[in-house]
Amino acid sequence: MKMHKLRLELIVTSFLQLLVLSNAFVTSSTLRRMSRTTITSSRSSGYLTENELWFNQTLDHFTSTDHRQFEQRYYVFLDYFQRPDGPIFLKICGEASCDGIANDYLPVLAKKFGAAVVALEHRYYGKSSPFKSSTTENLKYLSSKQALFDLAVFRNYYQELLNVKLNRSKGENPWFIFGVSYAGALSAWFRLKFPHLVCGSLASSAVVQAVYNFTEFDQQIGVSAGPECKAILQEITQLVDQRLASNAEAVKKLFGASELKNDGDFLYFLADAAVTPFQYGYPEQLCPPLVKAKKDGDDLVEAYARFVNRTFVVSVNDYNRKFLKNTAIKEDNGARLWWFQVCSEVAYFQVAPSNDSIRSSKIDASRYHLDLCKYVFGKGTYPDVDMTNIYYGGTKIAGSRIVFTNGSQDPWRHASKQISSEEMPSYIISCHNCGHGTDLRGCPQSPLRPEGDAQNCSIPEAVNKVRQHMIEHIDLWLSECQTTHKRSVQYIEEMV
């Protein structure tokens, strides 16, 4: 009798393993920019919750000899959760401090599907730093691969924690994973590498293709700006180059960037300032004033400086290589961390095309980007984009149940999967101010649009149409996941 029971247990175990390998639902037990007391805030703050929770995460997932751990921050929102079997939406926090669960379009989806929402802060960012300093040696555990295993470990940790709270010994809720930008890439890669842990993925503006010379980025800014505004931006770049040669101190002071002693850092700062209106959905704040200045015969450099000083609200030190070299740990110092990931893994080097560029030709891969990587992190720090794309597949990712979405004006979409394939639909949201993460964040993205309100997008219907497609895919894949789960449970019960 005991032998019969043992054989039965082995059969059941083998069956479950086959389910895992076939992407079935498992029945046994992821673009940068407080103290530990519990903080509760209203949704008017832009967050559904800011209540910090913590768990112990493994430092190095790729060794069996190093058992060090660090505390990783996460958040939970259960207001819409349909106990006990509702889905769990795992939101990946990307390359910045994760200060809560934002009140964007994801909570709308959670309410519709009766889902819990959990969000995990990316290792090293915000309060989830494993070390007291960010030396290059200490940063060696900062990678997308380690981050994916963080998500997998956390996913299983929270499922077990939920089971305890629901007073059940075993149980599996259907999980769905979400991310925007780099976190969108992580979302797609997580479904690729751990298909047995989530039913599907939304990969919003997901930069899944590592790119060394990212010339398409600059070219898209030209397309989004239109011929007239593009020509003015190119003229401004030429004028700034000339003034740097004659009086660098004066022109940097004009833009409030005197601390950028390196001319390349300054030019990269100015180029980024021209990118953000198209990337984040407010092009009308850039182009019409510049066109008017051109027609009125005003100084174009001064006109652009007015835009930068008024609208480009960033820390100039994020572009300062001397500041990036600083290894002190600060919650808001994600710039050094993201540059390390850029310099060691994904590149995304935004360089000037060989002709018809908007940014200065001085911003290239070898003279600017690699020189910065070497200066900030030391010799030997180099992004092996070929290996990154071999590991994940780039835009040829061989995954399933992944929805890719991109905004038509977003330059980052050229590092994303823009062509649909089997079980991986891809949608472009086309409108004048549809940019990075428009499907979840609306237009423009600053300030936060509550519930991802799309009414300020130039064509709200374009956003809503893609959102409807998203809902259909999520609904289908959750249903398939739950059906597979029920069949497996029924099969096990019949065998027992």
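Since the structure is predicted, the reported quantities are computational estimates derived from the model, not experimental observations.

1. Re the pattern of salt bridges
Counted according to the given criterion, the structure contains 21 salt bridges. As a salt-bridge pair, R321 and D371 come within 2.8 Å of each other at their nearest N and O atoms. Here D371 lies in helix α12 (residues 365–377) and R321 lies in helix α10 (residues 321–324), a separation of 50 residues in the sequence. Overall, the relative accessible area of 35% leaves D371 in the partly exposed class. E480 is paired through a salt bridge with R401; the nearest N and O atoms lie 3.1 Å apart. Of this pair, E480 sits in helix α15 (residues 460–495) while R401 sits in the loop between α13 (385–392) and β9 (402–407); the two residues are 79 residues apart in sequence, bridging distant segments of the chain. What makes R401 buried here is its relative accessible area of 12%. Taken together, the shared-partner salt bridges connect E52, R73, D99, E121 and K127 into one network.

2. Focus on the pairing of strand β8 (residues 200–204)
Two faces belong to every sheet, and in a regular strand the side chains alternate between them. Burial within β8 is extensive, with five of its five residues counted as buried. Side chains G200, L202 and S204 project from β8 onto one buried face, and the interleaved S201 and A203 project onto a second face that is buried too. Bridge analysis of strand β7 (residues 175–180) against β8 gives five bridges, and the strand direction is parallel. Along β8, the bridge assignment pairs I177 with S201. As for the winding sense of the linkage, the β-α-β connection from β7 through helix α4 (residues 182–193) to β8 is right-handed.

3. Some points on the environment of A96
Tracing the backbone shows A96 in the loop between β4 (88–92) and β5 (101–102). With 29 residues separating them in the primary sequence, A96 and Y125 have C-alpha atoms 5.7 Å apart.

4. Structural notes on the nonpolar core
Judged by nonpolar contacts, the single largest core of 113 residues is most densely connected at F255, F266, F269 and Y304. With ten residues, the single largest contributor to this core is helix α7 (residues 263–279). When residues no more than four places from it in sequence are discounted, the contact partners of F255 are F266, F269, L270, V301, Y304, A305, V308 and N309.

5. Focus: the sheet that holds β7
Strands pair in a sheet through their backbones, by hydrogen bonds, and they do so in one of two ways: parallel or antiparallel. With mixed pairing, eight strands are arranged side by side in an open sheet as β2-β3-β6-β4-β7-β8-β9-β10. The outermost strands of the open sheet, each flanked by one partner alone, are β2 (53–58) and β10 (426–429). Going from strand to strand, the sheet's axes swing by 25 degrees on average, the running direction of each strand aside. In terms of strand pairing, strand β3 (residues 69–77) meets strand β6 (residues 116–120) through four bridges, oriented antiparallel.

6. Considerations on helix α9 (residues 300–311)
With twelve residues, α9 should reach 16 Å at 1.5 Å per residue; the first-to-last C-alpha distance of 16 Å fits that figure. Taken residue by residue, α9 has L300, V301, A303, Y304, A305, F307, V308 and T311 as its buried positions. Looking at the buried residues of α9, the elements they touch are α6 (227–254), α7 and α8 (287–296). For α9, the N-terminal cap is D299; the gap from its side-chain oxygen to the backbone nitrogen of V301 is 2.9 Å.

7. Some points on helix α3 (residues 144–165)
With 22 residues, α3 should cover 32 Å at 1.5 Å per step; its first-to-last C-alpha distance of 31 Å lies within 8% of that length. Looking one or two places after α3, you find N167, whose phi comes out positive at around 60 degrees.

8. Let's talk about the pairing of β9
Judged by how many residues are buried, β9 sits mostly within the fold: six of six residues are covered. Burial along β9 is two-sided: the residues I402, F404 and N406 and V403, T405 and G407 are all buried. Here four bridges tie β8 to β9, and the two strands are oriented parallel to one another. Its bridge partner being in β9, A203 is matched across the sheet by F404.

9. Side note on the packing of aromatic side chains
Evaluated as defined, the whole model comprises 39 aromatic pairs. Where Y268 meets Y319, the ring centres are 6.2 Å apart and the plane angle is 50 degrees; that geometry is what we call tilted. One end of the pair, Y268, is in helix α7; the other, Y319, is in the loop between α9 and α10, and 51 residues separate them in sequence. Across this residue pair, the class does not change: Y268 and Y319 are buried. One aromatic cluster is present, formed by F55, Y74, F154, Y157, Y158 and W175 through successive ring pairs.

10. Some words on the confidence of the model for the protein
Should the pLDDT be low somewhere, the predicted coordinates at that spot are not to be read in detail. On average, residues of the protein score 90 in pLDDT, and 89% of them are at 70 or above. Low confidence marks residues 1–42, where pLDDT is under 50. Its contacts with residues over four positions away, or in another chain, come to 79 contacts.

11. Focus on the state of the cysteines
A complete count under the given rule lists six disulfides for this structure. What pairs with C229 in a disulfide is C287, and their sulfur atoms sit 2.1 Å apart. Looking down the S-S bond of the C229 and C287 bridge, the torsion is -80 degrees, so its handedness is left-handed. With C229 in helix α6 and C287 in helix α8, this residue pair connects regions lying 58 residues apart in the sequence. Take C229: its relative accessible area is 3%, and that puts it in the buried class. Covalently, C431 is tied to C434 through a disulfide, its sulfur atoms 1.9 Å apart. Handedness of the C431-C434 disulfide follows from its S-S torsion of about 100 degrees: it is right-handed. The two residues C431 and C434 agree in class, both being buried. Going through the protein in sequence order and numbering each bonded cysteine, the pairs you get are 1-2, 3-12, 4-5, 6-7, 8-9, 10-11.

Rules and cut-offs
- Residues numbered from 1 in each chain as written.
- Predicted model: local features only at pLDDT ≥ 70, side-chain atom pairs only at ≥ 80, totals over all residues.
- Heavy atoms only, no water.
- Salt bridge = Lys/Arg side-chain N within 4 Å of Asp/Glu carboxyl O.
- Helix = DSSP H or I, 4+ residues; strand = E, 2+ residues; numbered from the N terminus.
- Buried < 20%, exposed > 50% of the residue type's maximum accessible area, 1.4 Å probe, protein only.
- Pairing = 2+ DSSP bridges.
- Right-handed = clockwise from strand over helix to strand, strands pointing away.
- Core = buried A, V, L, I, M, F, W, Y, C linked by side-chain atoms within 4.5 Å.
- Contact = heavy atoms within 4.5 Å.
- Axes fitted to C-alpha atoms, helices over the stretch in contact; angles between N-to-C directions.
- Expected span 1.5 Å × (residues − 1).
- Polar contact = N/O pair within 3.5 Å; in protein donor to acceptor, adjacent residues only side chain to side chain.
- Phe/Tyr/Trp six-rings, centres within 6.5 Å; stacked < 30°, edge-to-face > 60°.
- pLDDT = per-residue confidence, 0-100.
- Disulfide = S-S within 2.5 Å.

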